[in-house]
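Breakdown of the fold
Now for the letters of each chain:
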Amino acid sequence: MKCVLVTGGAGFLGSHLCDRLIQSGNHVICLDNFFTGTKDNIQHLMGDSHFELEEREIIWPYIKNVDEIYNLACPASPVHYQYDPVKTINTSVLGAINMLELAKGAGAKILQASTSEVYGDPVIHPQTEDYWGNVNPIGVRSCYDEGKRCAETLCMDYHRQMGVIVKIIRIFNTYGPRMAQNDGRVVSNFIVNALLGKDIEIYGDGTQTRSFQYVDDLIEGMIRVMNTEDEFTGPVNLGNPGEFTMLELANLVLELTGSKSDIVFSTLPKDDPRKRKPNITLAKTKLDWEPTIPLREGLLKTIDYFRSIL
Ligand SMILES: NC(=O)c1ccc[n+]([C@@H]2O[C@H](COP(=O)([O-])OP(=O)(O)OC[C@H]3O[C@@H](n4cnc5c(N)ncnc54)[C@H](O)[C@@H]3O)[C@@H](O)[C@H]2O)c1
């Protein structure tokens, strides 16, 4: 039985990963400070003898004998990561150093949850892994983008200099049950407002597009990346290349919730990325992976979840 550490394991993605790892017969340690994660997300695992909770800060060193580390601890949505930007950078950078040191000491493999935000406001579409990105180093989003970029650098340096086995994934927009309802993201915003009968607010004219990946597809991709041969470091994009306009998304949410909410239009925020879409050729060829869950099906599951908690 493998011992697997999941940092940020009480968060949206981390809790689904813990579920999957437990189901596959691993012993799981969930490290979380509950900044954006919740006990509700992992309540169902608490009685399991193969689940351990470490309520602690990733910015402090941690020593443990583990076989694999999935490093997810970091607030992920702009409202949360901009709340305390210096803490966000510390979480990404010191967190990565602490987990890489742990991996080095324990001889463990480590998978770093990076993000499509490392591409910033890209000038190349869709983004391939060899694109270096277009990131503003001094903007309000930089605490997250540059923190994640630095964490990638640290992974590659620990790999080259000390032989640590590292895997970097760049996650694109992901949605599903256990997303925080207050995270300001379009999927949760639309669903929550539709269920509460409030207006659905679209920025701009609603013709801008986004791609959305359902959480189960991502988790499957993460496990496959962890299981690649030791030499494979990535980075590898994990996302759904299907594009939808905001207007299409809003109408689909209205249809699936049966809501009578109105769609209203407001001005586009200045820092809204114009477009981001993954090229997943590497994931397809290397991992034999691609998203399988259609937006309609994933939205229905997400709507059920929000209905149950509202
Ligand atoms: N959800 C997405 O669409 C998306 C996209 C790209 C990348 N990611 C990355 O995936 C990871 C998980 O994202 P998520 O959507 O589940 O977000 P989330 O906010 O739900 O989860 C992050 C978890 O990390 C914990 N955490 C934050 N700071 C910590 C600290 N200093 N010490 C210990 N724990 C801490 C939080 O309490 C939370 O449980 C993040 O690293 C994020 O950058 C997510």
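The structure we're discussing is the one just above.
Keep in mind that what you see is a predicted model, and the values were worked out from it rather than measured.

**Concerning the site of the ligand**
Around the ligand, the surrounding shell holds 30 residues, and the nearest of these are Leu 13, Asp 32, Thr 36, Tyr 144 and Lys 148. Take Asn 33: an N or O atom from its main chain is 3.2 Å from a nitrogen atom of the ligand. The separation between a nitrogen atom of the ligand and a polar main-chain atom of Ile 58 is 3.0 Å. Relative to its unbound accessible area of 820 Å², the ligand is 96% covered by the protein chains. Elements with a minimum of two residues in the shell around the ligand: α1 (12-23), α3 (85-106), β5 (109-115) and α4 (142-162). In terms of residue count, β5 provides more of the shell around the ligand than any other element does, three residues in total.

**Remarks on the pairing of strand β4 (residues 68-71)**
Neither face of β4 is open: one carries Glu 68 and Tyr 70, the other Ile 69 and Asn 71, and all of them are buried. The sheet contact formed by strand β1 (residues 3-7) and β4 spans four bridges and is parallel. Bridge pairing in β4 links Thr 7 to Asn 71.

What counts, and at which threshold
- Residues numbered from 1 in each chain as written.
- Predicted model: local features only at pLDDT ≥ 70, side-chain atom pairs only at ≥ 80, totals over all residues.
- Heavy atoms only, no water.
- Near = heavy atom within 4 Å.
- Polar contact = N/O pair within 3.5 Å; in protein donor to acceptor, adjacent residues only side chain to side chain.
- Areas by Shrake-Rupley, 256 points an atom, 1.4 Å probe, with all protein chains shown as cover.
- Helix = DSSP H or I, 4+ residues; strand = E, 2+ residues; numbered from the N terminus.
- Buried < 20%, exposed > 50% of the residue type's maximum accessible area, 1.4 Å probe, protein only.
- Pairing = 2+ DSSP bridges.

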